[in-house]
Amino acid sequence: MVCKRFQRELAHYRELAPAQRQALDEHLRTCAHCRRALAAYARQDALLGGLAPVQPSPEWARRVRERLSAQGERPKAAHPAWARAWALALLAALLLFGSTLAVSANALPGQPLYALKRTQEELRLRLLAEGTPRAEYAQTLAERRREEAKRLIQKGGTAELAFEGPVEAMQGAWWRVGGVEVQVMGTVRPDPLPALGERVSLRVRIQGGHAVALAVFRAAPSPTPNGGGPQPTLTQEAPSATARPSEATPTPRREGQMPSRALPPAPSITPAPSALPTFVPPGQQKKALQPTPPVPTPTAPAGEGQTPSSPGGKGPTESKRPTEAPGGAPRGRP
Amino acid sequence: MAGSTDPERDALFERLFREFQGVMVNYLYRLTGDAAQAEELAQDVFVRAYQALPRLKEGSNYRAWLYRIATHTAYDALRRKRLVHFLPLEAHDAAPAAPSDVRDAVQEALLRLPPEYRVPLVLYSVQGYSTAEIAEMLGISIGAVKTRLYRAREAFRRIYQGDEGDGV
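Every value quoted in this text rests on a predicted model; they were computed, and no experiment measured them. (Residues numbered from 1 in each chain as written. Chains lettered and ligands numbered in written order. Predicted model: local features only at pLDDT ≥ 70, side-chain atom pairs only at ≥ 80, totals over all residues.)

A few words now on the overall build of chain A. When helices and strands are counted, chain A shows nine helices and five strands. Order of helices (α) and strands (β) in chain A, N terminus to C terminus: α-α-α-α-α-α-α-α-β-β-β-β-β-α. Looking at the 334 residues of chain A, the share that counts as buried comes to 30%. If you take every contact in chain A between residues at least 6 apart in sequence, the share linking residues at least 24 apart comes to 70%. (Helix = DSSP H or I, 4+ residues; strand = E, 2+ residues; numbered from the N terminus. Buried ≥ 20, exposed ≤ 12 C-beta atoms within 10 Å, placed from the backbone. Contact = placed C-beta atoms within 7 Å.)

Spelled out as structure tokens, the structure:
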């Protein structure tokens, strides 16, 4: 039977050499059986190629690394050799200060051990595997910055620091962001104003039991355990208890934030009180506010507040498969 | 680093892992039909690959090498756990349960193929490789790949036709 000759070739029609294809095409003109087979194979390719690809779960890559690590094969997270050497050197140095580190955990901005605390946090963040563990720790750090702000306010300390959180309330110049009450003067308010619940990133000066915003930005989307979200600002704050706002390190620009620019004049905001959550600004509880210091123009210093590389990256996907004519061109491949 | 003192090996492994992790999970999913098992097997593949990396000759085709490890890993798992969904073609006269949708039917038909047919069909039609590339991946001749591919297509056609009453 003449078809016998062509049967196997039909199965890999798309990669036939021109001469082979020409001979087969001539046969197909006269053989309905082979035409049906070729059409069936083309449909097979379409059906099989149309199967939805699956993505490895976010935990999967971490489990692979853990398994290799458990077998003594690999470190928990892969980094370039120089990064590992750098990290190990820092770790060794930090180990020498083990007891100091424990004490530094409760340090607040402006205190001598605070720089050590932040270095330790940053190191740990860098060493964590990309993806969920890093994003979760980033969230922990963001919460820690807010707690520091609250504690500083309670203690009546003086320092500048940056943190971010959702806008929970706005009443005149008094906003509550992530549980921290902050005086936000018109000159530093973003335009348009953030909505309640929207995340903002602030740089504040805390002095005399209250916080005054030096710069306010809309924050990038909240970090999620699946990665991709912003990391908290990891730069060392100006710890000086006497630093004036005009000398402060400008607030960095982060991904998703508006670019640095001259701040607009203070917009008039008088939200309807009934639409806002009620809270009593600390200024009404305690005392009149100190005169607001001059506000620095926020710019984006290199390296500050940058978001680490995308956790996990974009996982490789299955073959790209451009639509193929029956028996036609080869598909894409990884 | 724990256990390894070869930064070049680590760097190469990292590159392979990043490039092929999704591809391997998908390939193994098509062979097993079970996403969780595919992830487990893909873990095995990369652990084996890391262990075997020092023995790999320079200039080797890493992709073919990884696919060869994955294919053997899948064969082992299918044999060990008796997860071969293959039913003899002759015994497939009884009407099968209606699949929920076309994709289920396609995957089901794929799983009914013997692994030695399923593998080349997945590599050719799902992953888009040529018969020459598949031959290198499987360590067999191009002619053997073409024969298996033809038989796989015919077997798939009969199985799917039985399920769907639709010639493929």
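This paragraph deals with the overall build of chain B. Scanning chain B from N- to C-terminus turns up seven helices and zero strands. When the helices and strands of chain B are read in sequence order from the N terminus, they spell out α-α-α-α-α-α-α. Evaluated residue by residue, chain B yields a buried proportion of 42% over its 168 residues. Look at the contacts in chain B between residues 6 or more apart in sequence, and 67% of them connect residues 24 or more apart.

The subject of this paragraph is helix α6 (residues 131–138) of chain B. Residues and elements named next belong to chain B. If you check which residues of α6 are buried, you get T131, E133, I134, M137 and L138. For α6, the angular spread of the buried residues around the axis is 155°, confining them to a single face. G139 sits one or two positions beyond α6 and adopts a positive phi of about 70°. (Arc of directions from axis to C-beta.)

Okay, helix α5 (residues 115–126) of chain B next. Counting buried positions along α5(B) gives ten out of twelve residues, so the element sits mostly inside the fold. Following α5(B) by one or two positions, B:G128 adopts a phi angle in the positive range, close to 85°.

This paragraph deals with the nonpolar core. By size, the foremost hydrophobic cluster in this structure holds 63 residues, and its most contacted members are A:L10, B:M24, B:L28, B:A42, B:V45, B:A70 and B:L121. Take this core: its biggest share by element is ten residues, from helix α1 (residues 7–32) of chain B. Formed by 31 residues, the second largest nonpolar core is a distinct cluster that contains A:L152, A:A159, A:V167 and A:V212. (Core = buried A, V, L, I, M, F, W, Y, C linked by C-beta atoms within 7 Å.)

Attention now moves to the confidence of the model for chain A. All names here are of chain A. Looking at chain A, pLDDT values average 68 and 58% of them are 70 or higher. Within chain A, helix α2 (residues 18–30) carries the highest mean pLDDT (93), whereas helix α9 (residues 282–285) carries the lowest (46). Confidence drops under pLDDT 50 across residues 223–332; counting only partners more than four residues distant or on other chains, this segment forms 224 contacts. (pLDDT = per-residue confidence, 0-100.)

Residue and element names in this part refer to chain B. Assignment of secondary structure puts L53 in the loop between α2 (35–52) and α3 (62–80). For the pair formed by L53 and R9, sequence separation is 44 residues and the distance between their alpha carbons is 7.1 Å. If we ignore the near neighbours within four places in the chain, the residues touching L53 are R9, L12 and F13.

Another point: the sheet that holds strand β3 (residues 180–183) of chain A. Residue and element names in this part refer to chain A. One closed barrel holds the five strands; their spatial order is β1-β2-β3-β5-β4, and the pairing between them is mixed. Neighbouring strand axes in the sheet, compared pairwise and without regard to direction, differ in orientation by 55° on average. Where strand β4 (residues 199–207) lies against strand β5 (residues 210–218), eight bridges are found, and the strand directions are antiparallel. What sits directly across from I206, in β5, is A211. Set on the sheet, helix α8 (residues 132–155) makes contact with β1 (159–171), β3, β4 and β5; between it and β1 the angle comes to about 95°. (Pairing = 2+ DSSP bridges. Axes fitted to C-alpha atoms, helices over the stretch in contact; angles between N-to-C directions.)

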